[in-house]
Each structure stands twice: as C-alpha cells, then as structure tokens.
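Structure assessment
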Amino acid sequence: MSTISLPKQSAMMRRDFIYGVATSSFQIEGARDSRIDCIWDTFCAQPNTIEDGTHGDIACEHVKYWRQDVDMIADLGVDAYRLSVAWGRVMNEDGSVNKAGLQFYIDLVDALHAKNIKVFITLYHWDLPQYLEDKGGWLNRDTAHAFAHYTDIVSKALGEDVYSYATLNEPFCSAFLGYEAGIHAPGKTGKGNGRQAAHNLLLAHGLGMRVLRRNVPKSMCGIVLNFSTAYSASESPEDIAATRMGDEYHNHWYIQPLLEASYPDVINHLEPHERPVIEDGDMDIISEKNDFIGINYYTRAVFKSDGNGWFDQVVPQGDGLTAMGWEIVPDAFTKLLVDLNARYELPPIYITENGAAFDDSEVNGEVPDQPRIDYFNSHLRAVDSAMEQGVDIRGYFAWSLMDNFEWALGYSKRFGIVYVDYDTQKRTLKNSALGYKAMLNHRL
Ligand code: FCB
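Residues numbered from 1 in each chain as written. Predicted model: local features only at pLDDT ≥ 70, side-chain atom pairs only at ≥ 80, totals over all residues. Heavy atoms only, no water.

**Digging into the nonpolar core**
Of all hydrophobic cores here, the largest spans 153 residues; its most connected members are Trp-40 and Tyr-436. Among all residues touching Trp-40, those that are not within four sequence positions of it are Phe-26, Ile-50, Trp-126, His-184, Ala-185, Phe-405, Trp-407 and Ala-408. (Core = buried A, V, L, I, M, F, W, Y, C linked by side-chain atoms within 4.5 Å. Buried < 20%, exposed > 50% of the residue type's maximum accessible area, 1.4 Å probe, protein only. Contact = heavy atoms within 4.5 Å.)

Structure (structure tokens):
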C-alpha cells in the first residue's frame, strides 16, 4: 500500500498549515425526533428524489455517538474539525430556542476544544427549516433576515471558542441544484427561481457576516464556495463563449458579488423576468469583507455550446472516474486556485472540502481504498503547487470524516476516510484515514 505524503520541504508540512476533516449536520446526525423538519426531510419523503430511497432520520447517529466520534477525530491527529449546525435543531418554529439542541453543539465544541481541535462551524449546510420553505424558502428575502437571527443565536452561544464561522456552504448547490435544476431539496425549477434563491442566499451571507462581526470579532468569518474549473469541449468560438458563460453562471455568480459587489456579465443573457430582484443596498451587504473564503473542489466541468446562445455541460465518459462519475483532474485544482488568485483580490483561502467517493468495502476489519489515497496524494500536491505559485492557502479539510448521506444519492456513495457500517454504526478507519494520520504525524 502506498500512503499519503507530501515532500518534507512543502509549506503544507509546516505545523501552521491546518489539516482537518469535514462533515455536515443532515448528512451524519440522525436524531430527527429532537429537531424540527427541514427541507431535506420533506424532499426525501417524496417519490423518486433519493436514488436509494433513503433519508436522514438515522444517518450515522452522530447525535448518539458524538463523544466516540470526537475521540476518533482526535485519534486522526487533525488540527481542526469542520461541522455544520442544523438550524432546526437549535430553533423551534415559533422562534424560540431549542435549548437541548443548542446544548448539543455547545458540548461538542467544548469537547473538541478540550482535545485541542480547532472548530470550523458552518451555519447553513442546506437544511433549511421546512416552515421557512413553506413561506417561500430562499425565494423569500425574509429568509435572509431569519438566517441573520439564527446566526445571532448560535454565535452568541458558541462565541469565540469557535475558530472559524462560515455562513453558508456552497450557495451554488442550494440555489442551482435546489431551486433551478430541482435535483436537491426543495426540488423547485426554473432559472428565475435559481437566480433569486442565489441572490437571497448571498444576502443572508452578508447579513450574517454583520452579526458575526458584532458577536465574535476574534473568530475568522467567511463563506464556503464550491468550484468546478471550467474547460471548453473544443476550440470553437461557440464552445469557448459557452464555457465562459458556464463559468460565470456556476462559479463567478457566487464569488464576484462577494468581492466586487456585482454579478458577472452572463446576467445580461437572462430574460428580464429571470434576473434576481436586487434592492438598493443589497450589493453593499453582500460584499461585506470576509476573513477567509473556503473553497470546495472535487472535479472540473467541461462546457459546450447548446447551439442556442447558452451552454451545456458535457457528461464525463470512460474509465478512471470516481463512483460519482466525476473525472479525477488534480491539475484543474491548481488551475482553479491560481486563476482565482489572478482574477480577484482574495482573502486567505481554506480548502474546506476535497475528496472522492469509491465503492469501498470492509474485509476483515480493513478497508483498502487505494484510489482514495491516490486522489488525496495528487490533490494535496495540486494545493502545494498553487501555494508555490503564490496563493495564500491556510488549511485543507478532507471530505469526509466518515461515510454519510450523500444527498440525492443517499448512502450509495461513500466519501468517508472512515467506513460506516449502517447496520451496526461501527466505524472502521479506511487505509486513507491511516495514511492521512501518518502524514499528519510526520509534520515538522
Ligand atoms: C459537496 C457538499 C458535501 C458533500 C460533497 C460530496 O457539494 O458540500 O455536503 O456532499 O459535495
């Protein structure tokens, strides 16, 4: 077995580079009875939404096993743990606080702290309370204000013991997959819906940042965005133009407003009724200064013209794909980071998610996941190369700590570095977890 390693002289082998593992609430917690319903509960209950017909009621039963999970995180030797708070576990429908739910996170943060593990909180990783969806969800700008209120409650309770707060995880997925393509909760469709949801999410981010600045000025506050590096299917001017549009629509739509208070040019290609309603002052709120931006990277996206002035995405074919059907392209990761750094005045960057799903199985207590080890090796090198080219990257989080509910694909896709047997909830360190641990122990 080859293991995970980086050259000794790499800046990523210095102790001040933060390594972690990441999860999110709905994907691991279970314990549905002790929180209010969220849009994913509703979505999972609808036919033909989740590939294997599963849901998040039980998941990894992390609410039950959290102490053992914290021990496991500590045993890996990571510096940090990125988790998300379930909005509907800390707040009730009538606006009151769910004290037991909030206490769960207070205890979790304390336990991580006691083990010297930095806590990276994400406030919103897609589990919007259903009662807010019933009022329009992210199509209703009141949801952005509700988010600011929820942010106030959580940040006052967890305070500056939390090293870093991110307002949102991947607003692209919430807006595009949830309100435009309809493949994530709440399953709405249409460009107009997608764009309005994206705008209201970004507004929620800006309003949330203002609350965080007031409540936790010493914590590092920002947002987590996902990117798939855009490549053109051919050298034809049509495909190149389509690629630019795809890149703007899926990637820059979320970062340009944050850093430059404007939407990319592709907005002008939308029909007037598809454009978001932008009120006076919104772009100022959205472009509130960030202490960091988290970048999630998994793969690249290849675009071509749809022959109609818009873009299509090419579905990857062939061997060498992950279990998600995603291409493994570490060079595209370096290119993404270097290009963003050239294009924008970036704050410090954390790689808040990176990893791959493969069809793992446990054999006599061992999970030989060499393809995942190879993926981590090549992608850690990709980050290292971006740092050598001047990108200010401060940390790296493996997605994910353990196998979990992979949204519309249910439990069929395993992203963990720890294997979860869903019948027994037994956790087994995969060889990639052992390799990660070994690399972390070799740091200077
Ligand atoms: C990201 C999500 C995360 C996980 C990975 C595979 O888009 O943030 O929850 O599902 O993809």
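Back to the text.
**Details of the packing of aromatic side chains**
As enumerated under the stated definition, the model contains 38 aromatic pairs in all. The interplanar angle of 70° and the centroid separation of 5.5 Å between the aromatic rings of Phe-26 and Phe-405 together place this pair among those described as edge-to-face. Taken together, the residues span a long stretch of sequence, with Phe-26 in helix H1 (residues 25-28) and Phe-405 in the loop between strand E9 (393-399) and strand E10 (418-421) at a distance of 379 residues. In this structure Phe-405 comes out as buried when scored by relative accessible area, which is 0%. Each residue in the set Phe-26, Trp-40, Phe-43, Trp-126, Phe-405, Trp-407, Tyr-411 and Tyr-422 is aromatic and connected to the rest through ring pairs, giving one cluster. One residue, Lys-191, lies across the ring of Trp-310, its end atom 4.0 Å from the ring centre. (Phe/Tyr/Trp six-rings, centres within 6.5 Å; stacked < 30°, edge-to-face > 60°. Helix = DSSP H or I, 4+ residues; strand = E, 2+ residues; numbered from the N terminus. Lys NZ or Arg CZ within 6 Å of the ring centre and 35° of its normal.)

**Structural notes on the environment of Asp-161**
With respect to the helices and strands, the residue Asp-161 is situated in the loop between helix H7 (142-158) and strand E4 (164-169). Classification of Asp-161 by relative accessible area gives partly exposed; the value is 36%. Spatially, the C-alpha atom of Asp-161 lies 18 Å from that of Gly-395, the residues being 234 residues apart in sequence. With residues near it in sequence (within four places) discarded, Asp-161 still touches Val-109, Asp-110 and His-113.

**Thoughts on the environment of Asp-374**
On the secondary structure map, Asp-374 appears in helix H13 (residues 370-388). Given a relative accessible area of 39%, Asp-374 falls into the partly exposed group. Residues Asp-374 and Ser-432 lie 58 residues apart in sequence; the distance between their C-alpha atoms is 9.0 Å.

**Considerations on the site of the ligand**
Around the ligand, the neighbouring residues are Gln-27, His-125, Trp-126, Asn-169, Glu-170, Tyr-298, Glu-353, Trp-399, Glu-406, Trp-407 and Phe-415. Side-chain polar atom of Glu-406 to an oxygen atom of the ligand: 2.7 Å apart, as the coordinates give it. Tallied by class, the residues present in the shell around the ligand amount to 5 nonpolar, 3 polar and 3 charged. (Near = heavy atom within 4 Å. Polar contact = N/O pair within 3.5 Å; in protein donor to acceptor, adjacent residues only side chain to side chain. Nonpolar A, V, L, I, M, F, W, Y, C, P; charged D, E, K, R; others polar.)

**Considering the side chain of Arg-89**
Tracing the backbone through its elements, the reader meets Arg-89 in helix H4 (residues 87-90). Within polar-contact distance, the side chain of Arg-89 engages the side chain of Ser-34 at 2.9 Å. In this structure, Arg-89 is in contact with Glu-29, Gly-30, Ala-31, Ser-34, Arg-35, Val-63, Asn-98, Gly-101, Leu-102, Phe-104 and Tyr-105, ignoring residues within four places of it in sequence.

**Quick notes on the pairing of strand E1 (residues 18-22)**
The element E1 is extensively covered by neighbouring structure, given that 5 of its 5 residues are classed as buried. Because side chains alternate across E1, one face comprises the buried residues Ile-18, Gly-20 and Ala-22, and the other comprises Tyr-19 and Val-21, equally buried. Bridge count for E1 against strand E2 (residues 80-84) is 3 bridges, and the pairing is parallel. Directly across from Ala-22, in E2, lies its bridge partner Arg-82. (Pairing = 2+ DSSP bridges.)

**What about the packing of helix H3 (residues 62-76) against helix H5 (residues 99-114)?**
Between H3 and H5, the shortest axis-to-axis distance is 10 Å and the interhelical angle comes to 10°. In this view, H3 runs roughly parallel relative to H5, as classed from their interaxial angle. Across from His-62, Val-63, Trp-66 and Val-70 in H3, the residues of H5 making contact are Phe-104, Asp-107, Leu-108, Ala-111 and Leu-112. Residues of the contact of H3 with H5, tallied by class, amount to 7 nonpolar, 1 polar and 1 charged. (Axes fitted to C-alpha atoms, helices over the stretch in contact; angles between N-to-C directions. Parallel < 35°, antiparallel > 145°, perpendicular 65-115°, else oblique.)

**What to know about helix H12 (residues 330-343)**
A rise of 1.5 Å per residue sets the reference length of H12, with its 14 residues, at 20 Å; its end C-alpha atoms lie 20 Å apart and thus fit the reference within 8%. The set of residues buried in H12 consists of Ala-332, Phe-333, Thr-334, Leu-336, Leu-337 and Leu-340. In this structure, the buried side of H12 is in contact with strand E5 (220-232), helix H10 (237-260), strand E6 (292-305), strand E8 (349-353), H13 and E9. (Expected span 1.5 Å × (residues − 1).)

**With respect to the side chain of Asp-282**
Looking at the secondary structure, you find Asp-282 in helix H11 (residues 282-286). When its relative accessible area of 1% is taken as the criterion, Asp-282 is described as buried. Within the local environment of Asp-282, its side chain forms a polar contact with the backbone nitrogen of Glu-279, the two atoms lying 2.9 Å apart. Beyond its immediate sequence surroundings of up to four residues, Asp-282 is in contact with Arg-141, His-199, Leu-203 and Val-277.

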